[in-house]
Amino acid sequence: MLAMQPVVLAEEALAKPRELEQLLSKIQRDSSILAASIRNAKGVTLARVGDADFSDFAIDDVVAGRRDKLARFALGGKCYDLAWSATAGGQRLVFLTRLDSSQINTLLAAFILRIAGLVALIVAVVTARTMLVLYRSVLRPFFMLRRSMIAAAAHPDHADDYRIHERPRNEFGDVFQAHDEMLTRVVESKRADQLRAEERARFLARHDPLTGLPNRDFFLEHLRQTLPVACERGEQVQVQVLNLAGFSAINSALGQNVGDRMLIEVARKLNQGVSAGQFVARLGGDEFGIVNAGPVSPAQAAEHAERILAEIEHLLAIDGNEVRPRGRIGIAYSSTGCTDAETALHDAEVVLTRIRSDARARYQFFSPEMTQEAQRRQETERGLRQALERGELRLFYQPKIALDQAGAGRPYAACEALIRWQHPARGLISPGEFIPIAEACGLIVPIGEWVLREACAQVRRWREAGLTPPRVAVNVAALQFRDPKLPEMVRGAIAAAGVESDALELEITESAAMSDVTLTVAVLASLRAVGVRLSIDDFGTGYSSLSYLRKFDIDAIKIDKSFVDDIGDANADAICDAIIRLGHSLGKKIIAEGVETRAQLEFLSSRRCEEAQGFLFARPMPADDIAPKLPRAPT
Ligand code: C2E
Ligand code: MG
Ligand code: MG
């Protein structure tokens, strides 16, 4: 070993060089020292071993105490000389040693190897330990977190099964806690979503998604609960079914969005007015149901219906259109509540079907005869569907006489086409019986098209028979009038028959024209573009406002029969007079319908009414009966 053992010299040893030399020999034996020498401060050698010659070793600085030690390689690097000073026994001594440097290298190499091995071992141990610490404190928690998150993401419904319950006392502890809380929240939010979805599904099963009102099933369910209770207490129940007049026409003319918004608005108003004991539902389409249970007299039920109608019939501005919902209510009133839900609802709906055909009816109570009538209506509707295909419909023609042409043989200004149904069992059925039904079920559209085509074809047939036919007037139902395809259909009928467009006149009832003035103005303009003549039928019954009448691009106004009937009565005279003056001031022709007496004719002629129609001149008749009365065409 190279390490120099401190040489402890007793004071007395210095006096015995022999012992010093023995001591040096012992040291030499136990170490790699080749030679050694001890000198005093004066440079006198006190003891020496080995044969090393240190004479060329300049150690003056050590001897003089200026330096503590000196070292050098000697004998061409084979030896390593070391000189140092130390104080022993109160005097300073200089020690000189020669070491075998070849051995130093071997020892040094062995030492370095051992150190390297040790370092490697330490590195391995430290690395392993570091890895272990790293694994325990970082990797393992990270992997746990990863595993848990992947599993939780795959099964979010029970994500909290993958909570990590360990809480390491480092940052991962906080992360695990946050992670677990997050999983709990995921599960809570999932459950809340699920509850909401279930709640929504339950709601939709019993409610109408558009208006949010209870649906038909819920309405019946409510009735099934309410009626037995009312029956037991002997309390009244009224079931009202409200529907919106002309709703499908609004839907097809202005678009479903406008129709939907109208339904939402009506639903909102109905719902707003609901009080205890009342229940409102949307039964489907434009039909709403209202149950009113409790002590209600028929008069109160009627008042309630009027209130509802007043509430919903306000002008609505939707997407730049002005529409006014018009309601009709069928009421099934039970004074004891002892009826079943289905019957009560059915009865109210029967009333509604009945009042649908009556433009003026706003609400009506159910009566048992209505059921029979409803059945009759259903049969008529079924038969009417086949009537078109089987060719059972006929057109009769009733002349309109030109009053402004003097003389007894006044010419026909026009002929009004009036439909009849040649029923195989019931004979000839008048339009009053089936047109309202056709209007209510929509059949009026194909029937109306048939009338238009047949009327135009008749003009053609009269012409082909060498006659000069008058203009033919065709009645257009409200539903047809709102059909966006009407102008095209009219054009098609004229073209198919090969007649001029002014050979055709269309009669639109005042009530149809007034139900939506904006739409009427637009439809009249497109019909005008087709070239047909236009008149307002049944004038005086539809509550026209004069300002609206001014906007309608029409040729003539037809005074309703009810006013003509009363001519001779001062009031009726005044009304007819006013209508004629008004029409003339607006530049329209006046036609009077239902003229039955000479007195009526004279009154109308004196007021310069242009045309008259009525039994006084002729009843509606088949085309063949009209033919002999038509002038022959000039050859
Ligand atoms: P409207 O268009 O006002 O037709 C006049 C009705 O009064 C006709 O009844 C006609 O026969 C009747 N009438 C004419 N003059 C007199 C008279 O002097 N005295 C009496 N008591 N009645 C007279 P009709 O043919 O039964 O038609 C009734 C209604 O049916 C028509 O009223 C019209 O609204 C409707 N209608 C008839 N044909 C058609 C059609 O092809 N399409 C449509 N949409 N409706 C039609
Ligand atoms: Mg008419
Ligand atoms: Mg009329």
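Residues numbered from 1 in each chain as written. Chains lettered and ligands numbered in written order. Predicted model: local features only at pLDDT ≥ 70, side-chain atom pairs only at ≥ 80, totals over all residues. Heavy atoms only, no water.

Chemist: Is there a simple way to explain the overall build of the protein chain in this structure?
Modeler: For the protein chain, the helix and strand inventory stands at 22 helices and 22 strands. The C-alpha atoms of the protein chain give a radius of gyration of 59 Å, which is well past the 26 Å a tight globule of 635 residues would have. Counting all 635 residues of the protein chain, 43% fall into the buried class. Carbon and sulfur atoms form 54% of the exposed surface of the protein chain, whose accessible area is close to 32,800 Å². Looking at charge distribution, the protein chain has the averaged site of its 78 positive side-chain charges lying 8 Å from that of its 83 negative ones. (Helix = DSSP H or I, 4+ residues; strand = E, 2+ residues; numbered from the N terminus. Rg over C-alpha atoms; globule rule 2.2 N^0.38 Å. Buried < 20%, exposed > 50% of the residue type's maximum accessible area, 1.4 Å probe, protein only. Areas by Shrake-Rupley, 256 points an atom, 1.4 Å probe, with all protein chains shown as cover. Lys, Arg positive; Asp, Glu negative; His and termini not counted. Charge placed at Lys NZ, Arg CZ, Asp CG, Glu CD.)

Chemist: I'm lost on empty space enclosed by the protein in this one. Help?
Modeler: Rolled over the atoms, a probe as big as a water molecule pinpoints where empty space is left. This structure, assessed with the given rule, holds one cavity of 30 Å³ or more. One number sums up the size of the largest cavity: a volume of about 30 Å³. The wall of the largest cavity is formed by Ala 455, Cys 456, Val 459, Val 472, Val 499, Ala 503 and Leu 504. In terms of residues, the lining of the largest cavity owes the most to one element, helix α13 (residues 444-464), which gives three residues. (1 Å grid on protein atoms, 1.4 Å probe; cavity = no way out; pocket = protein on both sides within 12 Å on 5 of 7 lines; lining within 4 Å. Points joined across faces, edges and corners; volume = space filled by probe spheres on them.)

Chemist: It is not clear to me how the coordination of the magnesium ion (ligand 2) should be interpreted in this structure. Could you clarify?
Modeler: Octahedral metal centres with six donors ideally show angles of 90 or 180 degrees, and tetrahedral centres with four donors ideally show 109.5 degrees. Those donors, Glu 416 (OE), Asn 475 (OD1), Glu 507 (OE) and Asp 537 (OD), are the protein atoms that reach the magnesium ion (ligand 2), and they lie 2.1 to 2.2 Å from it. Read in sequence order, the donor residues for the magnesium ion (ligand 2) give the motif E-x58-N-x31-E-x29-D. The distance between the magnesium ion (ligand 2) and the magnesium ion (ligand 3) comes to 4.0 Å, with Asp 537 serving as a donor to both metals. In this pair, Asn 475 sits in strand β16 (residues 471-476) while Asp 537 sits in strand β18 (residues 533-539), placing the two residues 62 residues apart along the sequence. (Donors = N, O, S within 2.8 Å, 3.2 Å for Na, K, Ca; no water.)

Chemist: Could you clarify how one ought to interpret the side chain of Arg 471 in this entry?
Modeler: Residue placement: Arg 471 occurs in strand β16. One polar contact links Arg 471 to Glu 505, side chain to side chain, over a distance of 2.7 Å. Not counting the four nearest positions on each side in its chain, Arg 471 is found in contact with Ala 413, Ala 414, Cys 415, Asp 502, Ala 503, Leu 504, Glu 505, Arg 533 and Glu 611. (Polar contact = N/O pair within 3.5 Å; in protein donor to acceptor, adjacent residues only side chain to side chain. Contact = heavy atoms within 4.5 Å.)

Chemist: What am I meant to see in the domain arrangement of the protein chain here?
Modeler: How big an interface is tends to be stated in terms of the accessible area lost upon association of its parts. Partitioning the protein chain into structural domains gives domain 1 (4-106), domain 2 (156-206), domain 3 (216-366) and domain 4 (377-628). Taken over C-alpha atoms, the centre of domain 3 sits 34 Å from the centre of domain 4. Taken together, the contact between domain 3 and domain 4 spans 13 residues of the former and ten residues of the latter. Here domain 3 meets domain 4 over a buried area of about 950 Å², counting both sides, of which 60% is carbon and sulfur. Inspection of the domain 3/domain 4 interface yields zero salt bridges. If you look at where domain 3 meets domain 4, you find one residue pair in polar contact (both at pLDDT 80 or more). Secondary-structure elements contributing two or more residues to the side of domain 3 that touches domain 4 are α7 (247-254), β10 (321-323) and α10 (341-356). For the side of domain 3 that touches domain 4, the element with the most residues is α7, which contributes six residues. Of the residues contributing to the side of domain 3 that touches domain 4, the split by class is five nonpolar, four polar and four charged. (Domains from an automatic or database assignment. Buried area = accessible area lost by both parts, 1.4 Å probe. Salt bridge = Lys/Arg side-chain N within 4 Å of Asp/Glu carboxyl O. Nonpolar A, V, L, I, M, F, W, Y, C, P; charged D, E, K, R; others polar.)

Chemist: Please clarify how the confidence of the model for the protein chain should be interpreted in this entry.
Modeler: Detailed reading of the predicted model is not advised wherever pLDDT is low. Of all residues in the protein chain, 95% have pLDDT values of 70 or greater, and the mean over the chain is 88. Within the protein chain, helix α1 (residues 11-14) has the poorest average pLDDT of any element, 57, and β16 the best, 98. In the model, residues 1-7 has pLDDT below 50 throughout and makes eleven contacts with residues more than four positions away in sequence or in other chains. (pLDDT = per-residue confidence, 0-100.)

Chemist: Any chance you could explain the state of the cysteines here in plain terms?
Modeler: Each disulfide consists of one covalent bond between the sulfur atoms belonging to two cysteines. Under the definition given, this model contains one disulfide. One disulfide in the model links Cys 231 with Cys 338; its S-S distance is 2.0 Å. Where Cys 231 bonds to Cys 338 through sulfur, the torsion about that S-S bond is close to 95°, and the disulfide is right-handed. A residue pair is termed long-range when its members are at least 10 positions apart, and Cys 231 in helix α6 (residues 216-233) and Cys 338 in the loop between β11 (327-334) and α10 qualify at 107 residues. Accessibility expressed as a relative area gives 45% for Cys 338, which makes it partly exposed. Left unpaired, Cys 415 is separated from the closest cysteine sulfur, that of Cys 456, by 14 Å. No disulfide involves Cys 609; its nearest neighbouring cysteine sulfur is the one of Cys 576, lying 8.8 Å away. (Disulfide = S-S within 2.5 Å.)

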